[in-house]
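Each chain, letter by letter, is given below.
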Amino acid sequence: MSAVLEIAGLQKTYRSRKGVRRALDGFDMVVESGQVHGFLGPNGSGKTTTLRTLLGLITPNGGTMTLLGREVPAALPEVAGKVGAIVESPQFFGPFSAKDTLSLLADAGGVDQRRVFEVLELVGLRDRAKDRVKTYSLGMKQRLAVASALLKNPQLLILDEPANGLDPGGIREMRTLMRNLAESGMTVLLSSHILGEIQLICDSVTIISAGRRVAAGSVADVLARHSSTSVRVRVESDLDMPVAAEALRAAGVQVQLEPDHLMVRNVDKPGLITRALAARDLYVSELAPVTVDLESVFLELTGTAPVDGQNRQVDQSAMSPAQGAWGQ
Amino acid sequence: MSLFKAESRRLVKRRFTKWLVIGSLVVLAAIAAGVFLTNQKVGPAQVAAAQAEADRDYQQALQQAATDRQQCEAAKGTASAQQWPSDCADMYTPTPDNYDYHGYMPSTFEFAKTFKVMVTTLAAIFALMAFVIGASFVGAEWASGGMMNLLLWRPQRLKVLGTKLVALLTGLAALTAVTLVAWTGFFWLVGKLRGTTTGMTSGAWQSLALTEVRATVLVLAAAALGFGLASLGRHTAMALGVAIGVVVLFQFGLVTVLSLAKVKFAEALLVPYWVAAWMDKSVKLENWDKCNFSSSQGCEPDTLTITWQISGSVLAGIIVLVVGAAMLTMRSRDVT
């Protein structure tokens, strides 16, 4: 499989009166051909800056980027016809209709006008194509944005939060569309906050935090790398919980006492738990391995899990104190 | 070419452009109708009527003068004598020259003499329209995010902005040219039906054609200026704000202050003088605070002549500066 998108050591620094902020701090990413690749990161982590830089809207301070094997931004005019993209919220000139909007883009990009009707049909806007965009809901504008990205029939589709504003049916349609596009050979780079969706439809992911890559690979690999062999244990009586914890610690495992259960970590063989507890006449009522999902991995890697009694600021994430804050 | 076609279509499709053009054409139509209705053809009958009216007024004035003189003579030696001159022979006596019949002639449209003013009128209205259309054409694109979409399709910033500008100028040049042809044709008809078209020699036509070319250039310059300013600020309001700022600060504020301070030729800061210099080939400003005495002419003021070449050079300089700055920022500034 060949890479259609490669980013290495990408840097972008913003200077203002408040100081210097490194939006991208040596960021790396690789997207293989034919995959649906998830691009995850908390607010302000550099996702949109990365996409804008990749698409020539922002000039980087360092690093290299290639799209479809060509170095960008130098070769962007040559590859732009094969890359469809929406960046951030959908933005269109309100007084024009969807049909006019796409038709003008088709003219600008030298695309056959018949393609306009095809993509309007594809995203479900056929019957509202002649309505002015300013009468559209956010979800409809989102569909139009996807239609504009698909208009070129691109090899690489870059979508920034495409599910924003979509109703549950729309999200499912979008998911199906992504999968169908990938099956037809199109590579899709998908930036989203809906981690359940990413886990469902993406083959691989890159997680960014404070302008740096903190994880990358296939979804299964990332989950596997960050899953621990934790087991949740309950005994018949909650009153026995401290004794059970002591018994397990004596057996050489890490135990965390929670209000109604024990969290046992780094246990290769759950049989060790039952044996240790049975030896003290304590009987297990629940023994469940703790599975990790993408959300928990994301929260762990980016350090953005909510903490009771604390209000997290947008720039607070993994590595942010050293690199991401204003005034460094 | 496809980008030019797209931008030309975008320009024409915009409702704002359509309404502004229609509004400007309605204003021009109202002016044209007014000129048509307030002028009439002059023939021997109108001349005779004017002469008769002038003669009637002259006779009335003579009678009034004679009555006044009699009252003056009668008042001598009385208390009311002070109301009259000491020598009643010094009293004003009207002459036929004071009642020239030309002053009694109805208004008639002389194409050769008046049409250039109408061209300037069209140029001023269209320049205002072009400034706003130019500003909105790029400003609304930036504000709505349309420009970013376009740059995702055509990631060649200077080419995109340049093509937009060329499409704008081409569209406005075509509109101005067509309107000027219709304007000329209409007022030629007004001259035929409500005045005269005499005096239109080949030289006069050539001069008129050059005036119309200058009018077109003025319209395009206004469009480029609006486009450049809105492009610099990435919003239509930037251009309109600068325009209002220039009017308030320079046209009213600064000129008033400089005039109060008796600064020479303060009115040289007024845009209308520069437009007039461009359209009428020159404008002469006079400073009556200065007296250049000569035995033959008496007191003569200092003068400053702004020629169309000077005015054109200044206009070109401003356009190059603004559009150049817009291009530079387009190339270097991030699209966020």
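Within every chain, residues take consecutive numbers counted from 1 along the sequence as written. Chains carry letters and ligands carry numbers; both start at the beginning, A for chains and 1 for ligands, and go up in the order they are written. Local features in this predicted model are restricted to residues whose pLDDT is 70 or higher, and side-chain atom pairs enter the listing and the counts only when it is 80 or higher, whereas totals over whole chains, interfaces and linings include all residues.

From N to C terminus, chain A includes twelve helices and 14 strands. When the backbone C-alpha atoms are referred to their principal axes, chain A occupies close to 80 × 45 × 40 Å. Buried residues are those with 20 or more other C-beta atoms within 10 Å of their own C-beta, exposed residues have 12 or fewer, and partly exposed residues lie in between; C-beta atoms are placed from the backbone. A burial count over chain A gives 43% of its 328 residues as buried. In DSSP terms, a helix is any run of H or I states spanning at least four residues, a strand is any run of E spanning at least two, and both are numbered starting from the N terminus.

Here the focus is the overall build of chain B. Across its full length, chain B holds ten helices and four strands. Listing the helices and strands of chain B from first to last along the sequence gives α-α-α-β-α-α-α-β-α-α-α-β-β-α. Here the radius of gyration uses the C-alpha set of atoms, whereas the globule reference equals 2.2 Å times the residue count to the power 0.38. A globule of 336 residues ought to have a C-alpha radius of gyration of about 20 Å, yet chain B, at 28 Å, is considerably larger. Its C-alpha atoms give chain B principal-axis dimensions of roughly 100 × 50 × 35 Å. The buried share of chain B, taken over its 336 residues, is 27%.

For the rest of this paragraph, the subject is unusual backbone geometry. Cis geometry marks the peptide bond from A:Val72 to A:Pro73; its omega dihedral reads 15 degrees. Along the chain, A:Pro73 falls in the loop between β5 (70-72) and α2 (76-79). In this structure, A:Leu68 takes a positive phi of about 50 degrees despite not being glycine. Looking at where A:Leu68 falls in the secondary structure, it is placed in the loop between β4 (62-67) and β5. Of note, B:Arg234 is a non-glycine position whose phi angle comes to about 55 degrees, a positive value. Along the chain, B:Arg234 turns up in the loop between α7 (202-233) and α8 (236-260). For B:Arg234, a count of 19 C-beta atoms within 10 Å gives the class partly exposed.

Below, the discussion takes up helix α6 (residues 168-183) of chain A. Residue and element names in this part refer to chain A. With 16 residues, α6 extends 23 Å between its outermost C-alpha atoms, agreeing within 8% with the 22 Å of an ideal straight helix rising 1.5 Å per residue. All buried positions along α6 are accounted for by Met174, Leu177, Met178 and Ala182. For α6, the angular spread of buried residues about the axis comes to 130 degrees, placing them on one side. Exposed residues pointing more than 90 degrees away from the buried face of α6 are listed as Pro168, Gly169, Thr176, Asn180 and Glu183. We call two residues in contact when the distance between their C-beta atoms, placed using the backbone, is within 7 Å. Where α6 is buried, its residues contact β3 (36-40), β8 (187-191) and α7 (195-201). Once α6 ends, the next one or two residues include Gly185, with phi positive near 105 degrees. Helix span is expected to be 1.5 Å times the residue number reduced by one. By definition, the arc is the one covered by directions from the helix axis to the C-beta atoms.

Think of two packed helices as two axes; the pair is described by the angle between the axes and how far apart they sit. All names here are of chain B. Orientation of helix α4 (residues 111-144) relative to helix α6 (residues 157-194), taken along the N-to-C sense of each, is 155 degrees, at an axis distance of 10 Å. The pairing of α4 with α6 is recorded here as roughly antiparallel in orientation. As α4 runs across α6, the sense of the crossing is right-handed. Residue-level inspection shows Phe111, Phe115, Met118, Leu122, Phe126, Ala130, Gly134, Phe137 and Val138 of α4 in contact with α6, the latter providing Lys164, Leu168, Leu172, Thr176, Thr179, Leu180, Trp183, Phe187, Trp188 and Gly191. When residues are grouped by polarity, Ala, Val, Leu, Ile, Met, Phe, Trp, Tyr, Cys and Pro land in nonpolar, Asp, Glu, Lys and Arg in charged, and all others, Gly among them, in polar. For the contact of α4 with α6, a count of residues per class yields 14 nonpolar, four polar and one charged. With axes taken as lines fitted to C-alpha atoms, and helix axes fitted only over the stretch in contact, angles between N-to-C directions fall between 0 and 180 degrees. Orientation categories follow fixed angle ranges, with anything under 35 degrees roughly parallel, anything over 145 roughly antiparallel, 65 to 115 roughly perpendicular, and all other angles oblique. Should the near helix be turned anticlockwise from the far one by less than a right angle, the crossing is termed left-handed; should it be turned clockwise, right-handed.

Once that is clear, we can look at the domain arrangement of chain A. Segmentation into domains, and thus their bounds, comes from an automatic or database assignment. By domain assignment, chain A separates into domain 1 (3-225) and domain 2 (228-289). Put simply, the middle of domain 1 of chain A and the middle of domain 2 of chain A, counted by C-alpha atoms, are 46 Å apart.

Another aspect to go through is the interface of chain B and chain A. Each partner contributes residues to the interface: chain B has 25 residues there, and chain A has 23 residues. Those elements giving two or more residues to the side of chain B that touches chain A turn out to be α1 (2-13), α4 and α5 (146-153) of chain B. Residue composition of the side of chain B that touches chain A, grouped by class: ten nonpolar, seven polar and eight charged.

Before going further, it helps to examine the packing of α1(B) against α6(B). Residue and element names in this part refer to chain B. Two elements in contact, α1 and α6, have axes separated by 9 Å at closest approach and are oriented at 55 degrees. In terms of orientation, α1 lies oblique with respect to α6. The crossing of α1 and α6 is right-handed. Contacts between α1 and α6 involve Leu3, Phe4, Glu7, Ser8, Leu11 and Val12 from the first element and Thr163, Lys164, Val166, Ala167, Leu168, Thr170 and Gly171 from the second. In the contact of α1 with α6, the residues fall into seven nonpolar, four polar and two charged.

All names here are of chain A. Burial along strand β13 (residues 262-265) is one-sided: the residues Leu262 and Val264 are buried and none of Met263 and Arg265 is. Whether two strands pair depends on DSSP finding at least two bridges between them. In terms of strand pairing, strand β11 (residues 231-235) meets β13 through three bridges, oriented antiparallel. In the strand pairing of β13, Arg232 is matched with Met263. Note that strand β12 (residues 254-257) and β13 share four bridges and pair antiparallel.

Another aspect to go through is the confidence of the model for chain A. Close inspection of predicted coordinates is inappropriate for parts of the model with low pLDDT. Residue and element names in this part refer to chain A. In this model, chain A carries an average pLDDT of 85, and 91% of its residues clear a pLDDT of 70 or more. The predictor attaches a confidence to each residue, called pLDDT, with possible values from 0 through 100. Confidence, expressed as mean pLDDT per element, reaches its minimum in chain A at helix α12 (residues 320-324) with 39 and its maximum at β4 with 95. Low pLDDT, under 50, characterises residues 320-328; the stretch is placed with 21 contacts to residues that sit more than four places away or in other chains.

Our focus in this paragraph is the confidence of the model for chain B. All names here are of chain B. Looking at chain B as a whole, its pLDDT mean stands at 92, while 100% of the residues score no less than 70. The weakest mean pLDDT in chain B belongs to strand β3 (residues 282-294) at 82; the strongest belongs to α6 at 97. As scored by the predictor, the complex reaches a pTM of 0.82 and an ipTM of 0.77.

This part covers the domain arrangement of chain B. Once the domains are mapped, chain B shows domain 1 (2-41 + 109-332) and domain 2 (44-104). Taking only C-alpha atoms into account, the centre of domain 1 of chain B sits 50 Å from that of domain 2 of chain B.

All right, on to the nonpolar core then. For our purposes the nonpolar core covers buried Ala, Val, Leu, Ile, Met, Phe, Trp, Tyr and Cys residues that link as a set through C-beta atoms within 7 Å. Counting 138 residues, the largest nonpolar core has A:Ala147, B:Ala130, B:Val219 and B:Ala223 as the members making the most contacts within it. Counting residues per element, this core draws most heavily on α4(B), at 16 residues. Filtering out sequence-adjacent residues up to four positions away, B:Val219 remains in contact with B:Ala123, B:Phe126, B:Ala127, B:Ala130, B:Leu172 and B:Thr176.

Residues and elements named next belong to chain B. Topologically, His235 is positioned in the loop between α7 and α8. Looking at His235, the number of C-beta atoms within 10 Å reads 18, which means it is partly exposed. Residues within four places of His235 in sequence aside, it is in contact with Gly139, Trp142, Ala143 and Ala230.

Residues and elements named next belong to chain A. Counting buried residues in β8 gives five out of five residues, a clear majority hidden from the surface. A two-sided burial pattern is seen for β8, the buried positions comprising Thr187, Leu189 and Ser191 on one face and Val188 and Leu190 on the other. Strand direction decides the pairing type here: β3 and β8, joined by four bridges, are parallel. Its bridge partner being in β8, Val36 is matched across the sheet by Val188. The sheet contact formed by strand β7 (residues 156-160) and β8 spans five bridges and is parallel. Within β8, the residue paired with Leu159 across the bridge is Leu190. When the strands point away from the viewer and the connection leading from the first strand across the helix to the second strand turns clockwise, the crossover is called right-handed. Once you follow β7 into α6 and on to β8, the crossover reads as right-handed.

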